[in-house]
Amino acid sequence: MDFDIIHLKEVDSTNKYCRNLGKRGRKNLIVISDVQSSGVGRLERKWHSQYGGLYFSILLELNEVKNKNENIGKLNFIGSISIYESLFDYINNASQSMGDFNIKTFGIKFPNDLIINVKGNNKKISGILSEVNRDYGFLILGIGININNDIPRDLRDIAISLKELTGREYDRFEIFNKFIDRFKNNYHLSDSEILNKYEKYSKTLGNYVKIITPKEVIIGNVFKIDYKGIYLSTIDGIRHVNVGDCIHLR
Ligand code: BTN
């Protein structure tokens, strides 16, 4: 699997840029931008995209992905395990010389956030926004990773950059290339191999959590996560949801 790469200095959103190219029949393409003026996060939130972070979107043909990977849920898993693997060594190395965090708290928060606990607070380093277009037959995996970028003051309790975490700057393209390498490898793994990795890296599985969906709030112990969502054991019995904000309660 090979990708054409388009590198932009600035764009409104790499997902939007990919969407326009997808409608014109392009596929197997990655659009990366140094800055996004209107970066978008999950649940229609804003994704702050100042210079220094990694902001890119992968455009894939829906049929190809559907045959090989079944659905968007699987592609999201491939994305998050690949981000985890491309950041792990940097964070692990720094954790040995810095006392503010423990590498054991670095992992995936449902569905696809990469988090780490710093002085008692879970902070987000990376997120994924995926979208499917069945009319034109493509899908997009949009990835944002806080590398050297400053985090806006009002988000500092819940988000962190790799630079702030580890006290040094990084070559964004070294990390980007690591990601592409991991993504290509993980893309060809079997379902059970992907799920095994996701379970191993997950910080949500086995945890007591609150899930805030557009309709309700569910609290319970997470005993399973798969491409279809998250399964909780609650005082009202077993619940399954596929969308929502997840808050770790311990
Ligand atoms: C989230 O809310 O966790 C998802 C954030 C996804 C941000 C990325 S940055 C590249 C791509 N372009 C966007 O506008 N959003 C995604």
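Our subject is the structure listed above.
Values in this document were obtained by computation on a predicted structure and should not be read as measured data.

Asks: Quick question: what am I supposed to make of the sheet that holds strand β11 (residues 237-241) here?
Replies: Sheets are built from strands that pair by backbone hydrogen bonding, the pairs being arranged parallel or antiparallel. The antiparallel open sheet is built from five strands, whose spatial order is β11-β10-β9-β8-β12. A single partner strand is all that each edge strand has here, and the edge strands are β11 and β12 (245-248). For this sheet, the mean angle separating the axes of adjacent strands, direction not counted, is 45 degrees. Bridging between strand β8 (residues 208-212) and β12 involves four bridges; their strand directions are antiparallel. Residue pairing in the sheet places K210 in a bridge with I247 of β12.

Asks: Can you help me understand the sheet that holds strand β4 (residues 107-109) in this one?
Replies: The seven strands lie next to each other as β1-β2-β3-β7-β6-β5-β4, forming an open sheet whose pairing is mixed. The sheet is open, and its two edges are formed by β1 (4-11) and β4, each paired on a single side. Between one strand axis and the next, the sheet turns by 25 degrees as a mean value, whatever way the strands run. Here β4 pairs with strand β5 (residues 113-118) via three bridges, running antiparallel.

Asks: How do you make sense of the site of the ligand when you look at a structure like this?
Replies: In the vicinity of the ligand, 19 residues are found, and the nearest of them are S13, Q36, V40, R42 and K124. In this structure, an oxygen atom belonging to the ligand sits 2.7 Å away from a side-chain N or O atom of S13. Elements with a contribution of two residues or more to the shell around the ligand: α1 (14-23), β3 (54-61), β6 (121-133) and β7 (138-145). By residue class, the composition of the shell around the ligand is six nonpolar, ten polar and three charged.

Asks: Even after reading the chapter, I still don't get the pattern of salt bridges, so can you show me in this structure?
Replies: Side-chain pairs of opposite charge can arise whenever the charged atoms involved come near each other. As enumerated under the stated definition, the model contains 16 salt bridges in all. One salt bridge in this structure joins D34 and R172, with 3.4 Å as the shortest N-O distance. Of this pair, D34 sits in strand β2 (residues 29-36) while R172 sits in helix α5 (residues 172-187), placing them 138 residues apart in sequence. When sorted by exposure, D34 lands in the same class as R172, which is buried. The partner of R45 in a salt bridge is D245, and the shortest N-O contact between them spans 2.4 Å. Note that R45 is positioned in the loop between β2 and β3 and D245 in strand β12, a separation of 200 residues in sequence. Take R45: its relative accessible area is 41%, and that puts it in the partly exposed class. Taken together, the salt bridges that share partners define one network made up of R42, R45 and D245.

Reading guide: rules and limits
- Residues numbered from 1 in each chain as written.
- Predicted model: local features only at pLDDT ≥ 70, side-chain atom pairs only at ≥ 80, totals over all residues.
- Heavy atoms only, no water.
- Pairing = 2+ DSSP bridges.
- Helix = DSSP H or I, 4+ residues; strand = E, 2+ residues; numbered from the N terminus.
- Axes fitted to C-alpha atoms, helices over the stretch in contact; angles between N-to-C directions.
- Near = heavy atom within 4 Å.
- Polar contact = N/O pair within 3.5 Å; in protein donor to acceptor, adjacent residues only side chain to side chain.
- Nonpolar A, V, L, I, M, F, W, Y, C, P; charged D, E, K, R; others polar.
- Salt bridge = Lys/Arg side-chain N within 4 Å of Asp/Glu carboxyl O.
- Buried < 20%, exposed > 50% of the residue type's maximum accessible area, 1.4 Å probe, protein only.

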